[in-house]
Amino acid sequence: MSNVIDLRSDTVTLPSPAMRQAIFDAALGDDVYGDDPTVNALEKLAAAKVGKEAALLVTSGTMGNFCAVLAHCGRGDEVIVGDKCHIYNHEAGGASVLGGVAYHTVVNTDTGELPLAAIAGAIRDRENLHAAMTRLVCLENTHGGCGGVVVAPSYMAEVKKLAHANDLKVHLDGARVFNASVALGVDIKEITQHVDSVQFCMSKGLSAPIGSILAGDADVIRKARRLRKMLGGGMRQAGIIAAAGIVAITEMVDRLAEDHVNARILAAGLNTIPGITVDMHKVQTDMVILTITDGRDLGTLINQLKAHGILVGGFGANSIRAVTHYGIDSNHIEATLETFRTLMSQPASGGSQAVEGAYR
Ligand SMILES: *Cc1c(COP(=O)(O)O)cnc(C)c1O
């Protein structure tokens, strides 16, 4: 696989040498007893980083979002989510299936926002015995379903104001929130100050092998810790994971800027190829969404790319998603552009092939 250029996702990143060393050297204990010093150090560091009272190491972003929704909501409560968000589309309906929480969807703008008027319209009257009780609004930043766009902190401040005025909490699915802070050139707290809880992934662009952080006030994190245990996510010598997480949030954040530069170069290059268009306004972080406009079959093209050692994912009916990350350098970008140029200059072959590997 060494010659493969894997642009399917930033989740394919492998741990850095410093992470492998930190894992090797980590002081360990039983984290269910609260005894793992490396987990404790990571949770303290992560909470401080995002400006919250407490933090919890969880196995995945999905588990972090799940624990957050259930820490904020009880059975029969309702959560307002965007119709393009990850929580609603890619987490197996967990909060509903396992937690009895109903999703109330609002149509996302293609900039990753939920219009304020739509949020206001989705909030139920608590006195109405026919309605579920609205408890929570979930935002996503960067917004994956909208192609990795950055959601403005000023907008998030408005959502928080509206939510709090209606006795609701705000949770941020910040799987890639460090990409947002790097793209904006602001401290992460400029974003996370506008939410009551935040989940971020260490296993995506930050390149840790496993793990996400859920952060919020002490009471929410205490509830989330119980939920994590219920899910089987109470891990023992989890310092093995936390050690890489500490490296992720201390050493791997600033370099996300390189991924963003590479994404811009890839996008600009693709945009010059006949039969491909890229909306450059939406190339804000590590994702490039390219639309095939010459009518050729998407599945066939993806398989041809694969045969040339380039892995990408399908994104909707006519588009491909390519994600830059740690391990992808300018040579890989050049090679990718060269292959696209070659394949797109050939006439489309007949027939259609299934697109595997949907967006994640
Ligand atoms: C990847 C992702 C998640 C889930 O993270 P996992 O660690 O894969 O469970 C949640 N939200 C968004 C926006 C994501 O991109």
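Conventions used here
Residues numbered from 1 in each chain as written. Predicted model: local features only at pLDDT ≥ 70, side-chain atom pairs only at ≥ 80, totals over all residues. Heavy atoms only, no water. Disulfide = S-S within 2.5 Å. Buried < 20%, exposed > 50% of the residue type's maximum accessible area, 1.4 Å probe, protein only. Helix = DSSP H or I, 4+ residues; strand = E, 2+ residues; numbered from the N terminus. Pairing = 2+ DSSP bridges. Phe/Tyr/Trp six-rings, centres within 6.5 Å; stacked < 30°, edge-to-face > 60°. Contact = heavy atoms within 4.5 Å. Axes fitted to C-alpha atoms, helices over the stretch in contact; angles between N-to-C directions. Parallel < 35°, antiparallel > 145°, perpendicular 65-115°, else oblique. Left-handed = near helix turned anticlockwise from the far one by under 90°. Domains from an automatic or database assignment. Buried area = accessible area lost by both parts, 1.4 Å probe. Core = buried A, V, L, I, M, F, W, Y, C linked by side-chain atoms within 4.5 Å.

Student: How do you make sense of the state of the cysteines when you look at a structure like this?
Tutor: Each disulfide consists of a covalent bond between the sulfur atoms of two cysteine residues. Applying the stated criterion across every chain, the model contains zero disulfides. Cysteine 73 supplies the cysteine sulfur nearest to cysteine 67, a cysteine that is in no disulfide, at a spacing of 13 Å. The closest cysteine sulfur to the non-disulfide-bonded cysteine 85 is located on cysteine 138, 6.9 Å from its own sulfur.

Student: Honestly, the pairing of strand 6 (residues 169–173) in this entry has me stumped. Any pointers?
Tutor: Within a regular strand, the side chains alternate between the two sheet faces. Counting buried residues along strand 6, four of its five residues qualify, which places the element largely inside the surrounding structure. Two elements, strand 6 and strand 7 (residues 197–201), share three bridges in a ladder whose sense is parallel. Bridge pairing in strand 7 places histidine 171 opposite serine 197.

Student: In this structure, what is going on with the packing of aromatic side chains? I would like to understand it.
Tutor: Given two aromatic rings, their pairing is described by the distance between the two centres and the angle made by the two planes. For the structure shown, the criterion picks out two aromatic pairs. For the pair tyrosine 88 and tyrosine 103, a centre-to-centre distance of 5.8 Å together with 70° between the ring planes defines the contact as edge-to-face. One end of the pair, tyrosine 88, is in helix 4 (residues 86–89); the other, tyrosine 103, is in strand 4 (residues 102–106), with 15 residues separating them in the sequence.

Student: Even after reading the chapter, I still don't get helix 8 (residues 177–184), so can you show me in this structure?
Tutor: Turning to helix 8, its buried residues are Val177, Phe178, Asn179, Ala180 and Ser181. Here the buried face of helix 8 lies against helix 2 (37–50), strand 6, helix 9 (189–192), strand 7 and helix 12 (256–271). Of the residues trailing helix 8, glycine 185 is marked for its positive phi of about 70°.

Student: Hey, could you run me through the packing of helix 3 (residues 61–72) against helix 10 (residues 218–230) in this one?
Tutor: To characterise two packed helices, one gives the angle between the axes of the helices and the distance between these axes. Where helix 3 contacts helix 10, the two axes come as close as 9 Å, and the packing angle between them is 120°. Considering their axes alone, helix 3 and helix 10 lie oblique with respect to each other. Note that helix 3 runs across helix 10; the crossing there is right-handed. Side by side, helix 3 and helix 10 meet where Met63, Cys67, Leu70, Ala71 and His72 of the first sit next to Val220, Lys223, Ala224, Leu227 and Arg228 of the second.

Student: What exactly am I supposed to notice about the side chain of histidine 194 here?
Tutor: Tracing the backbone through its elements, the reader meets histidine 194 in the loop between helix 9 and strand 7. Overall, histidine 194 belongs to the buried group, its relative accessible area being 12%. Not counting residues up to four positions away in its chain, the partners in contact with histidine 194 are Pro153, Met156, Ala157, Lys160 and Val170.

Student: Got a minute to help me understand the domain arrangement of the chain in this structure?
Tutor: Interface size is commonly expressed as the accessible area that is lost once the parts come together. As assigned here, the chain comprises domain 1 (5–10 + 255–344) and domain 2 (17–251). Here the C-alpha centroids of domain 1 and domain 2 sit 28 Å apart. Tallying the contact residues gives 15 residues for domain 1 and 20 residues for domain 2. Of all residues in domain 1, Asp10, Leu256 and Lys282 bury the most surface against domain 2, accounting for 39% of the area lost on that side.

Student: What am I meant to see in the environment of glycine 205 here?
Tutor: If you trace the backbone, glycine 205 turns up in the loop between strand 7 and strand 8 (212–216). The exposure class of glycine 205 is buried, given its relative accessible area of 3%. Taking the C-alpha atoms as reference, glycine 205 lies 7.9 Å from asparagine 179; in sequence the two are 26 residues apart. Leaving out residues up to four positions away in the same chain, glycine 205 has contacts with Asp10, Arg255 and Leu256.

Student: Quick question: what am I supposed to make of the nonpolar core here?
Tutor: If you look at soluble globular proteins, the nonpolar side chains tend to sit buried side by side. If you look at the biggest cluster of nonpolar residues, it comprises 49 residues, and the most contacted ones within it are Leu139, Phe200 and Met202. With residues near it in sequence (within four places) discarded, leucine 139 still touches Leu114, Tyr155, Met156, Val159, Val170, His171, Leu172 and Asp173. By size, the runner-up hydrophobic cluster in this structure holds 27 residues, among which are Ile273, Ile276, Ile320 and Ile328.

Student: When you look at the sheet that holds strand 5 (residues 133–140) in this model, what are you seeing that I'm missing?
Tutor: By way of backbone hydrogen bonds, the strands of a sheet pair with one another, either parallel or antiparallel. Spatial strand order, 2-8-7-6-5-3-4: seven strands in an open sheet with mixed pairing. In this open sheet, the two strands that pair with only one neighbour each are strand 2 (54–58) and strand 4. Averaged over all pairs of adjacent strands, the angle between strand axes in this sheet comes to 20°, irrespective of strand direction. Inspection of the sheet shows strand 2 paired to strand 8 by five bridges, in the antiparallel sense. Each bridged residue has a counterpart across the sheet, and for valine 58 the counterpart in strand 8 is serine 212. Against the sheet, helix 2 makes contact with strand 2, strand 7 and strand 8, and its axis sits at roughly 125° relative to strand 2, the strand it touches most. Seen against the sheet, helix 10 touches strand 2 and strand 8 and runs at an angle of roughly 20° to strand 2.

Student: Teacher, can you tell me more about unusual backbone geometry here?
Tutor: Glycine aside, residues mostly have negative phi angles, and peptide bonds mostly take the trans form. Backbone torsion omega between asparagine 141 and threonine 142 reads -5°, so that peptide bond is classified as cis. The phi dihedral of alanine 92 is positive, around 55°, even though this residue is not glycine. Of note, alanine 92 is situated in the loop between helix 4 and helix 5 (94–97). Despite not being glycine, aspartate 167 shows a phi value in the positive range, around 60°. Along the polypeptide, aspartate 167 turns up in the loop between helix 7 (153–165) and strand 6. The class for aspartate 167 is exposed, based on a relative accessible area of 55%.

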